[in-house]
Amino acid sequence: DAVRVTVAALPGYDSWEEAGVAASGVSCYWDDRQSLLVLLRNAAGERFYLHVPVLFADVIDAKAVWKKKRLLVRLVKRKSEPWPVLGKEPPPRQGNEGDDTESFTEDGKKTTFMNKANLPFGDDLNEFVEMAAEGDIDIDSKVVWQ
């Protein structure tokens, strides 16, 4: 997309031709990529400028084109790409090789414990779950909560 700004006349002159600005007297600056400055100089040595302090879009090019009856400033905006569409579910999580996992379903809920050999209550997960469910073991004394 391009935006064109047209300068039809200069202050103190009725027409562009009367102002006497030639193509060599036109320069366009947008070095900071946030503002635009167009400088004009006519044959009599008078100077004019057009300053746009803030460009509200990503501009990738700015040109001042001199015509006999007007000045065109052409701003080319950066094309935006749509955000990628993500899937509804994240990819499955991968564990480290050698991790032991054990899953069980209780009341329709699935719970997975990974690397049960490093758990503070030993290797027999089913026995621990049964003891905790019966109230025979104090979970807080065996598990370090972080």
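Remember, it's a predicted structure, so these values are computed and weren't measured experimentally.

(A) Molecular detail of the overall build of the protein chain. Broken down by element type, the protein chain carries three helices and eight strands. Taken from N to C terminus, the helices and strands of the protein chain fall in the order β-α-β-β-β-β-β-β-β-α-α. Every one of the 146 residues in the protein chain was classed for burial, and the buried ones make up 21%. For the protein chain, the exposed surface amounts to about 11,800 Å²; the carbon and sulfur share of it is 49%.

(B) Here's a closer look at the side chain of Ser35. Among the structural elements, Ser35 can be located in the loop between strand E2 (21–29) and strand E3 (36–42). Not counting the four nearest positions on each side in its chain, Ser35 is found in contact with Tyr29, Trp30, His51, Val52, Pro53 and Leu55.

(C) The arrangement of the nonpolar core in detail. Among the nonpolar cores identified, the biggest contains 18 residues, and Leu10, Trp16, Leu36, Leu40, Leu71 and Leu75 are the most heavily contacted of them. Listing elements by their share of this core, those giving two or more residues are helix H1 (16–19), E2, E3, strand E5 (59–66) and strand E6 (71–77). Discounting chain neighbours no more than four positions away, the residues touching Leu40 are Leu10, Trp16, Gly25, Val26, Glu46, Arg47, Phe48 and Leu71.

(D) The sheet that holds strand E4 (residues 47–52), seen in detail. Taken in spatial order, the three strands of this open sheet run E2-E3-E4, and their pairing is antiparallel. Among the strands making up the open sheet, the edge pair consists of E2 and E4. Averaged over all neighbouring strand pairs, the angle between strand axes comes to 15°, with direction disregarded. With six bridges joining them, E3 and E4 adopt antiparallel strand pairing. Each bridged residue has a counterpart across the sheet, and for Leu37 the counterpart in E4 is His51.

(E) Spatial organisation of the pairing of E5. For E5 and E6, the ladder comprises seven bridges, and the chain directions are antiparallel. What sits directly across from Val59, in E6, is Lys77. Counted between consecutive antiparallel strands, the loop separating E5 from E6 contains four residues.

(F) Structural detail: the sheet that holds E6. Overall, antiparallel pairing links the three strands, which are arranged E1-E6-E5 in an open sheet. On the outer flanks of this sheet lie strand E1 (2–7) and E5, each paired with one strand and no other. Geometrically, the sheet is characterised by an average inter-axis angle of 15° between neighbouring strands, direction not taken into account.

Conventions used here
- Residues numbered from 1 in each chain as written.
- Predicted model: local features only at pLDDT ≥ 70, side-chain atom pairs only at ≥ 80, totals over all residues.
- Heavy atoms only, no water.
- Helix = DSSP H or I, 4+ residues; strand = E, 2+ residues; numbered from the N terminus.
- Buried < 20%, exposed > 50% of the residue type's maximum accessible area, 1.4 Å probe, protein only.
- Areas by Shrake-Rupley, 256 points an atom, 1.4 Å probe, with all protein chains shown as cover.
- Contact = heavy atoms within 4.5 Å.
- Core = buried A, V, L, I, M, F, W, Y, C linked by side-chain atoms within 4.5 Å.
- Pairing = 2+ DSSP bridges.
- Axes fitted to C-alpha atoms, helices over the stretch in contact; angles between N-to-C directions.

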